[in-house]
Amino acid sequence: MNVAIVGASGAVGQELLRILDQRNFPVDELRLFGSQRSAGSRYSFRGREVEVELLQHGDAFRGVDIAFTSAGAGTSREFADTITKHGAVMIDNSSAFRMEADVPLVVPECNAADALVRPRGIIANPNCTTIMMVVVLQPLEQLSHIKRIHVASYQSASGAGAAAMQELQQQYREIVEEGAVRTVKKFPHQLAYNVIPQIDVFTDNGYTKEEMKMFNETRKIMHTDACCSAMCVRVSSLRSHSESVWIETERPIGVAEAQRAIAAAPGCTLVDDPSQLLYPMPLDTAGKDDVFVGRVRQDLANPCGLTFWLSGDQIRKGAALNAVQIAEYLLQQGGK
């Protein structure tokens, strides 16, 4: 396969390079593309150096089979036709096309077959918080239809990219060395020693765009009528997002039944032993592929309710790994 990565210098682009190598994805030729700022940079892949090319309109994607794009919604919209016009499948990590009716929105553990119907040659990668949640919801949906979802997210700095991670580290250094934070650029407020109950901009209904993504994307991915009410919060962990999830199902699901389903589900790891203080935490899930689940309990406020905690690496399963898994599925189905 001839593979391209657009946005190769960003956090997700760098993770894509690592995951393609770690999973032995069949790459005959690798092309890297980026902005004027990153063009000319060189990155090592399987023993050779690959130079980042300037992303521009033209025929540079001729011969490319799969293009992973992670350079922002504006870039994806501008260059989609350039990327796909010679037959490349564009697996897009931005929000540009997620809710377009003729673009599949895919989490392979939930709806892999949707990737086979892509009239525009584009497959959208969902939002990170949505990806991790639906991976866990899918095995529970098989037990009983999920009617309602409430979720509170605890999202690390990594969700805002590499520069945001660096800013959080810089803020802690400034606190130690100078007693106060001077650098606040990537977030609306200081993140160090703080939590910020806002991710993305607010919409007219009082929810942020991030929260509305969880509502809309969950319905599209799972082909469900379930409504998801979310509160998305930025916390001062460096990497890996966590979520508290409450669901209402058509029939009560027992804790042991839910735990067995989660433990057996692809992409999930159950870590749930409160007696030993075992539950998922960002420090432990960073760098891991699976979504880790614990604190599975009956919802005391709802006889058909279940609640659980999850944690997973936003840059891996929440972005790069999910995209590579889509590409792997296409290969398993006989090529792109």
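So, a few notes on the structure that sits alongside this text. Note that the coordinates shown come from a computational prediction; the quantities given were computed from them, not determined experimentally.

### Regarding the overall build of the chain
The number of helices and strands found in the chain is nine helices and 13 strands. Its C-alpha radius of gyration of 20 Å places the chain within 12% of the 20 Å reference for a compact globule of 336 residues. If you line up the chain on its principal axes, its C-alpha atoms span 60 × 55 × 40 Å. By residue count, 54% of the 336 residues in the chain fall in the buried class. Considering only residue pairs separated by 6 or more positions, the chain has 66% of its internal contacts joining residues 24 or more positions apart. In the chain, 33 side chains carry a positive charge and 39 a negative one; their mean positions are 2 Å apart.

### Re the sheet that holds strand β8 (residues 146-155)
Taken together, six strands build an open sheet; the order of strands is β9-β8-β10-β13-β12-β11 and the sheet is mixed. Two strands lie at the open edges of the sheet, namely β9 (227-234) and β11 (268-270), each paired on one side alone. Averaged over all neighbouring strand pairs, the angle between strand axes comes to 25°, with direction disregarded. Pairing between β8 and strand β10 (residues 241-249): eight bridges, direction antiparallel. Within the sheet, the bridge partner assigned to Val 151 lies in β10 and is Val 245. Each of β8, β9 and β10 is contacted by helix α6 (residues 209-222), which is oriented at about 145° to β9, the strand it contacts most.

### Remarks on the pairing of strand β3 (residues 42-45)
The pairing of β3 with strand β4 (residues 48-54) spans four bridges and is antiparallel. Across the sheet, residue Ser 44 finds its bridge partner in β4, namely Glu 49. Connecting β3 to the next strand, β4, in antiparallel fashion are two residues, including Arg 46 with a positive phi near 50°.

### Notes on helix α9 (residues 316-332)
In this model α9 runs just 21 Å from its N-terminal to its C-terminal C-alpha over 17 residues, more than 12% under the 24 Å that 1.5 Å per residue would give. Along α9, the sharpest change in direction is near 40° and occurs at Asn 322.

### Notes on the pattern of salt bridges
Under the defined criterion, the tally for this structure stands at 23 salt bridges. The shortest N-O distance in the salt bridge between Arg 316 and Glu 15 comes to 2.8 Å. Of this pair, Arg 316 sits in helix α9 while Glu 15 sits in helix α1 (residues 11-22); the two residues are 301 residues apart in sequence, bridging distant segments of the chain. According to the relative accessible area criterion, Arg 316 is buried, its value standing at 6%. You can call Glu 15 buried: its relative accessible area is 3%. As a salt-bridge pair, Lys 317 and Glu 109 come within 2.9 Å of each other at their nearest N and O atoms. Placement of the pair is Lys 317 in helix α9 and Glu 109 in helix α3 (residues 108-111), with a sequence separation of 208 residues.

### Looking at unusual backbone geometry
Backbone geometry at Tyr 193 places phi at a positive 60°, although glycine is not the residue there. Residue position: Tyr 193 is located in the loop between α5 (162-178) and α6. Tyr 193 gets classed as exposed once you look at its relative accessible area, which sits at 63%.

### Brief notes about the packing of aromatic side chains
Scanning all chains against the criterion turns up three aromatic pairs. For the pair Tyr 154 and Trp 309, a centre-to-centre distance of 5.4 Å together with 50° between the ring planes defines the contact as tilted. Of this pair, Tyr 154 sits in strand β8 while Trp 309 sits in strand β13 (residues 305-312); the two residues are 155 residues apart in sequence, bridging distant segments of the chain. Looking at Tyr 154, the relative accessible area reads 31%, which means it is partly exposed.

### A look at a nonpolar patch on the surface
A cluster of nonpolar side chains, namely Leu 277, Tyr 279 and Met 281, defines an oily patch on the protein surface of about 290 Å² accessible area. When you line up the elements, Tyr 279 lands in the loop between β11 and α8 (282-285). By relative accessible area, which is 31% here, Tyr 279 ends up partly exposed.

### Details of the sheet that holds strand β7 (residues 122-124)
Within the open sheet, the seven strands sit side by side as β3-β4-β2-β1-β5-β6-β7. Their pairing is mixed. Edge positions in the open sheet fall to β3 and β7, since each of these has one partner strand only. Ignoring strand direction, the axes of neighbouring strands in this sheet form an average angle of 25°. Pairing geometry for strand β5 (residues 66-69) and strand β6 (residues 89-92), over four bridges, is parallel. Bridge pairing links Ile 66 to Val 89 in β6.

### Overview of α5
Along its 17 residues, α5 runs 24 Å from first to last C-alpha, staying within 8% of the 24 Å computed at 1.5 Å per residue. Positive backbone phi, approximately 85°, marks Gly 179, located one or two places after α5.

### Some details on the packing of helix α4 (residues 128-143) against α6
As a packed pair, α4 and α6 sit with axes 10 Å apart at the nearest point and diverge in direction by 40°. Put simply, α4 runs oblique to α6. Relative to α6, the crossing made by α4 is right-handed. Facing Cys 128, Thr 129, Thr 130, Met 133, Val 134, Leu 137, Gln 138 and Glu 141 of α4, the residues of α6 in contact are Glu 210, Lys 213, Met 214, Glu 217, Thr 218, Ile 221 and Met 222. Tallied by class, the residues present in the contact of α4 with α6 amount to seven nonpolar, four polar and four charged.

What counts, and at which threshold
- Residues numbered from 1 in each chain as written.
- Predicted model: local features only at pLDDT ≥ 70, side-chain atom pairs only at ≥ 80, totals over all residues.
- Heavy atoms only, no water.
- Helix = DSSP H or I, 4+ residues; strand = E, 2+ residues; numbered from the N terminus.
- Rg over C-alpha atoms; globule rule 2.2 N^0.38 Å.
- Buried < 20%, exposed > 50% of the residue type's maximum accessible area, 1.4 Å probe, protein only.
- Contact = heavy atoms within 4.5 Å.
- Lys, Arg positive; Asp, Glu negative; His and termini not counted.
- Charge placed at Lys NZ, Arg CZ, Asp CG, Glu CD.
- Pairing = 2+ DSSP bridges.
- Axes fitted to C-alpha atoms, helices over the stretch in contact; angles between N-to-C directions.
- Expected span 1.5 Å × (residues − 1).
- Bend = angle between axes of the 7 residues up to and from the residue.
- Salt bridge = Lys/Arg side-chain N within 4 Å of Asp/Glu carboxyl O.
- Phe/Tyr/Trp six-rings, centres within 6.5 Å; stacked < 30°, edge-to-face > 60°.
- Patch = residues over 30% accessible without salt bridge, like charges linked within 9 Å, V, L, I, M, F, W, Y side chains within 5 Å.
- Areas by Shrake-Rupley, 256 points an atom, 1.4 Å probe, with all protein chains shown as cover.
- Parallel < 35°, antiparallel > 145°, perpendicular 65-115°, else oblique.
- Left-handed = near helix turned anticlockwise from the far one by under 90°.
- Nonpolar A, V, L, I, M, F, W, Y, C, P; charged D, E, K, R; others polar.

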